[in-house]
Amino acid sequence: MAMISAVVLLSCVVTVTAAFDVTAVPFDEGFSHLFGNDNLVRSSDGRTARLTLNRYSGSGFVANDMYHHGFFSASIKLPSDYTAGVVVAFYTSNGDLFEKTHDELDFEFLGNVRGKDWRIQTNVYGNGSTSRGREERYVLPFDPTAEAHRYSILWTSHHIIFYVDDTPVREVVRSDAMGGDYPSKPMSVYATIWDGSTWATGNGKYKVNYKYEPFVSDFSDLVLRGCRADPIQQVNSAAARRCAEANDELLAADFALMTPKKRAAMRRFRERYMAYSFCYDTNRYPVAFPDCDIIPSEQSRFYEWGQSKDSRERRRSRRQSRKARAGDPKRVSSI
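Residues numbered from 1 in each chain as written. Predicted model: local features only at pLDDT ≥ 70, side-chain atom pairs only at ≥ 80, totals over all residues. Heavy atoms only, no water.

Structural notes on the overall build of the chain
What the chain contains, in helices and strands, is six helices and 17 strands. Taking all 335 residues of the chain together, 54% fall into the buried category. (Helix = DSSP H or I, 4+ residues; strand = E, 2+ residues; numbered from the N terminus. Buried < 20%, exposed > 50% of the residue type's maximum accessible area, 1.4 Å probe, protein only.)

Considerations on the nonpolar core
F31, F61, F90, F107, F109 and F219 are the most contacted members of the largest nonpolar core, which has 49 residues in total. Residues F20, L154, Y163 and L250 belong to the second largest nonpolar core, which totals 13 residues. (Core = buried A, V, L, I, M, F, W, Y, C linked by side-chain atoms within 4.5 Å.)

Thoughts on helix α4 (residues 260–273)
Count 3.6 residues to each turn of an α-helix, and residues three or four apart come out pointing the same way. The end-to-end C-alpha distance of α4 is 20 Å, a good match for the 20 Å that 14 residues give at a rise of 1.5 Å each. Within the sequence span of α4, burial applies to K262, A264, A265, M266, F269 and R270. Looking at the buried residues of α4, the elements they touch are β10 (136–138), β12 (159–164), β13 (167–173) and β16 (274–281). (Expected span 1.5 Å × (residues − 1). Contact = heavy atoms within 4.5 Å.)

Describing the sheet that holds β16
If you walk across this open sheet you meet the nine strands as β2-β5-β14-β7-β8-β9-β10-β16-β17, and the pairing is antiparallel. Both outer strands of the open sheet, β2 (31–35) and β17 (305–307), are each paired with one neighbouring strand and no more. Averaged over all pairs of adjacent strands, the angle between strand axes in this sheet comes to 20°, irrespective of strand direction. Pairing between strand β7 (residues 86–93) and strand β8 (residues 104–110): seven bridges, direction antiparallel. Looking at the pairing, S93 lines up with E104 of β8. (Pairing = 2+ DSSP bridges. Axes fitted to C-alpha atoms, helices over the stretch in contact; angles between N-to-C directions.)

Here you go:
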């Protein structure tokens, strides 16, 4: 694994102070190189990792252990300039062990052509439910390429929460109706950057242009908090008690408590920035999923294919404004 000066690497990274009471883990204590040879570079103090995509390879790293429930977090700075087709991901999965029945929780960052915004996508898979993708996409109220922002995944026996900085942007509450669609097996934590030209931008219309390589994403403030578990070995009573206690500790932590203030913040974020929701995609899913909380006022903001009407209206109004004010350099958001 390549090494570079911590001064050089950390000068490119803005460390985000965690809003929650969590402790970052040094890279070598919690993670290992996954793929990409020299395209994974870590600082000499082991607290920051840089992932690079070039014409030869992407790159990635993986947690050394698997976890049965946990809180997983990273401060991430995304590549800038022309990034069409580039995908940066921070996620949990057990696909290597359970190929047909895998669980997965995703943060995926989807690049774009110059002048248009990165988009962020969350997804939830349980027990191999890849044909029932629970995708949601959002635009962000900040430039994720200018400095690092924290992205966190909470996974407990009760619910899943995705955070952007200290704002919850999505909650999935476990219900009996979800059955195996709720992730239930131990998972590893991954970070990757790769070429998603076939789908990531305009459904594959815009490919990765390696004229702009390398595409670089920095990861810092890595958090792994949960119950380490071996999904292959038979779970004995002592291990089960240990993970049950760890799950109770997660549920009692500040990042697991959905206060009225947090719910209001999540509602505002979703009203302003959610660009797609599987819950309102009646073309793909004529019958809503059991974990969908269909809100009529929210539903009216989406087309039948789940795309936000508001996002198109924002783009249209911005285009009209640009025509009225020739030379206005303001960026136009893209969904």
